[in-house]
Amino acid sequence: MDFLRPETLAEALELKAQRPDAVPIAGGTDVMVELNYDHRRPSALLDLTRIPELQQWSDGLRVGAGVPYVRIIEELGAELPGLAMAARTVGSPQIRNRGTVGGNLGAASPAGDTHPVLLASDAVIEVASVRGTRMIPAAEFYLGVKRNALEQDELIVAVHLTPAKGPQQFSKVGTRNAMVIAVCSFGISLFPQENRVGAAVGSAAPTPRRASEAEQFLASAVDFGNPRPLLDSVKREFGELVSRAASPIDDVRGSAAYRKHALAVMARRTLGWAWQELMDGERACA
């Protein structure tokens, strides 16, 4: 196995063009597990840890693919609260110090913790090759179980997100309280100024996916301009529509029926938290 260690993004793209079979590695929290268990034996690893462009974020927000979870939590929690919440649920402190959103996207596991938030927040993924740069909306990035929209010669360079314009929430169910792969997960973003909602499920379908019917229902059922306590019927219907968006399987972590039930519960709860935050903000401005 060859170990390729570029110093610049341009060099990394050249190497990826020459060796499309090379597997990118940044934090290594997924790749090294696959190597250690002999589930994968690539001909080359492409180490991206020495490339400064991937370790930076800028106002706007453009978050480099190599920015670790711990920095998202500490440096971007105010601008990207939903992503920071999801990042806090990832693994252990050691994993959060190494793991990256770029790696989560590259692995494209349906259970990846950041995926529901990226979908609900309208994230756009920037990918690059020697041929140029592409911007891929998160909703078009996930193609199947551990399959994404990257071409063989492309690398994930950054994730583009707009600073939160309203409350965001994330919730995850696991078989224990920490260091666990999600049985299912849910992310919600409120966009009060646009009278719309973003909602997405994880670990409950072949890919992470948006709950479009739930989004449309809630946008028509509430008044963002004059937020008042939500009716229980609205929360229940929202939860049911989120549950219907899923197409889960039975596996060692949980049954399909449990996942659908848990998603409905998480959707109701996270909506309640987000809506309360919205009402509190309106009162503080009054």
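Given the structure is predicted, the values throughout are model-derived calculations rather than measurements.

**Considerations on the packing of helix 9 (residues 212-221) against helix 10 (residues 232-245)**
A packed helix pair is summarised by two numbers, namely the angle formed by the two axes and the spacing between the axes. Viewed as axis vectors pointing N to C, helix 9 and helix 10 meet at an angle of 160°, and their least axial separation amounts to 8 Å. The angle between the axes of helix 9 and helix 10 places the two elements in the roughly antiparallel class. Like other packed secondary-structure pairs, helix 9 and helix 10 cross with a definite hand, here right-handed. Note on element contacts: helix 10 touches helix 9 through Val234, Glu237, Phe238, Leu241 and Val242, opposite Glu213, Ala214, Phe217, Leu218 and Ala221. For the contact of helix 9 with helix 10, the per-class residue count stands at eight nonpolar, no polar and two charged.

**Structural notes on the pairing of strand 3 (residues 44-47)**
Residues Ala44 and Leu46 line one face of strand 3 and the alternating positions Leu45 and Asp47 line the opposite face, and both faces are buried. Bridge count for strand 1 (residues 2-4) against strand 3 is three bridges, and the pairing is parallel. Bridging from a neighbouring strand, Leu4 pairs with Leu46 of strand 3. With respect to chirality, the unit in which strand 2 (residues 23-25) leads through helix 2 (residues 31-36) into the neighbouring parallel strand 3 is right-handed.

**Concerning the packing of helix 3 (residues 69-76) against helix 4 (residues 81-88)**
Between helix 3 and helix 4, whose axes approach to 9 Å, the crossing angle comes to 140°. With respect to helix 4, the axis of helix 3 lies oblique. Classified by chirality, the crossing of helix 4 by helix 3 is left-handed. Within the contact between the two elements, helix 3 uses Tyr69, Ile72, Ile73 and Leu76 and helix 4 uses Pro81, Leu83, Ala84, Ala87 and Arg88.

**Notes on the side chain of Asn104**
Residue placement: Asn104 occurs in helix 6 (residues 101-107). A distance of 3.5 Å separates the side chain of Asn104 from the backbone nitrogen of Asp113, its partner in a polar contact. Dropping the residues within four chain positions of it, Asn104 is found in contact with Tyr69, Ser109, Gly112, Asp113, Thr114 and His115.

**Here's the deal with the domain arrangement of the protein**
The domain architecture assigned to the protein consists of domain 1 (2-46 + 57-160) and domain 2 (168-280). The gap between the C-alpha centroids of domain 1 and domain 2 is 24 Å. For the domain 1 and domain 2 pair, buried surface summed over both sides reaches about 1800 Å², with 63% attributable to carbon and sulfur atoms. The three residues of domain 1 that bury the most area against domain 2 are Pro110, Pro116 and Ala120, which together make up 27% of that side's buried surface. For the interface between domain 1 and domain 2, the tally reads three salt bridges. With its nearest N and O atoms 2.7 Å apart, the salt bridge here joins Arg210 to Asp122. Scanning the region where domain 1 abuts domain 2 turns up nine residue pairs in polar contact (both at pLDDT 80 or more). Every element with two or more residues in the side of domain 1 that touches domain 2 is listed here: helix 4, helix 7 (115-120) and strand 8 (142-144). Grouping the constituent residues of the side of domain 1 that touches domain 2 by class yields 14 nonpolar, eight polar and two charged.

**Some words on the sheet that holds strand 3**
Read from one edge of the open sheet, three strands run 1-3-2, paired in parallel fashion. The sheet terminates laterally at strand 1 and strand 2, the two strands that pair on one side only. For this sheet, the mean angle separating the axes of adjacent strands, direction not counted, is 25°. By the bridge criterion, three bridges tie strand 2 to strand 3 in an arrangement that is parallel.

**Some words on the sheet that holds strand 13 (residues 196-202)**
Taking strand neighbours across the sheet as the criterion, the four strands line up as 11-12-13-14 in an open arrangement whose pairing is antiparallel. What marks the edges here is a single partner per strand, and that holds for strand 11 (168-173) and strand 14 (209-210). Here helix 10 sits on the sheet and contacts strand 12 (184-191), strand 13 and strand 14; the angle it forms with strand 12, its principal contact strand, is near 125°.

**Remarks on the UniProt feature "domain: FAD-binding PCMH-type" (unreviewed entry) in the protein**
The residues that UniProt annotates with the feature "domain: FAD-binding PCMH-type" (unreviewed entry) are residues 1-166. Secondary structure content for residues 1-166 is 33% helix and 23% strand, while the C-alpha to C-alpha distance between its ends is 47 Å.

**Regarding the pairing of strand 11**
The side chains of a regular strand alternate, residue by residue, between the two faces of the sheet. For strand 11, a buried count of six out of six residues is recorded, marking the element as mostly surrounded by other parts of the structure. Along strand 11, one buried face is formed by Gln168, Phe170 and Lys172 and the opposite face, lined by Gln169, Ser171 and Val173, is buried too. Pairing between strand 11 and strand 12: six bridges, direction antiparallel. Bridge pairing in strand 12 links Gln168 to Ser189.

The rules we used
Residues numbered from 1 in each chain as written. Predicted model: local features only at pLDDT ≥ 70, side-chain atom pairs only at ≥ 80, totals over all residues. Heavy atoms only, no water. Axes fitted to C-alpha atoms, helices over the stretch in contact; angles between N-to-C directions. Helix = DSSP H or I, 4+ residues; strand = E, 2+ residues; numbered from the N terminus. Parallel < 35°, antiparallel > 145°, perpendicular 65-115°, else oblique. Left-handed = near helix turned anticlockwise from the far one by under 90°. Contact = heavy atoms within 4.5 Å. Nonpolar A, V, L, I, M, F, W, Y, C, P; charged D, E, K, R; others polar. Buried < 20%, exposed > 50% of the residue type's maximum accessible area, 1.4 Å probe, protein only. Pairing = 2+ DSSP bridges. Right-handed = clockwise from strand over helix to strand, strands pointing away. Polar contact = N/O pair within 3.5 Å; in protein donor to acceptor, adjacent residues only side chain to side chain. Domains from an automatic or database assignment. Buried area = accessible area lost by both parts, 1.4 Å probe. Salt bridge = Lys/Arg side-chain N within 4 Å of Asp/Glu carboxyl O. UniProt positions renumbered as here; feature names shortened; annotations may be inferred.

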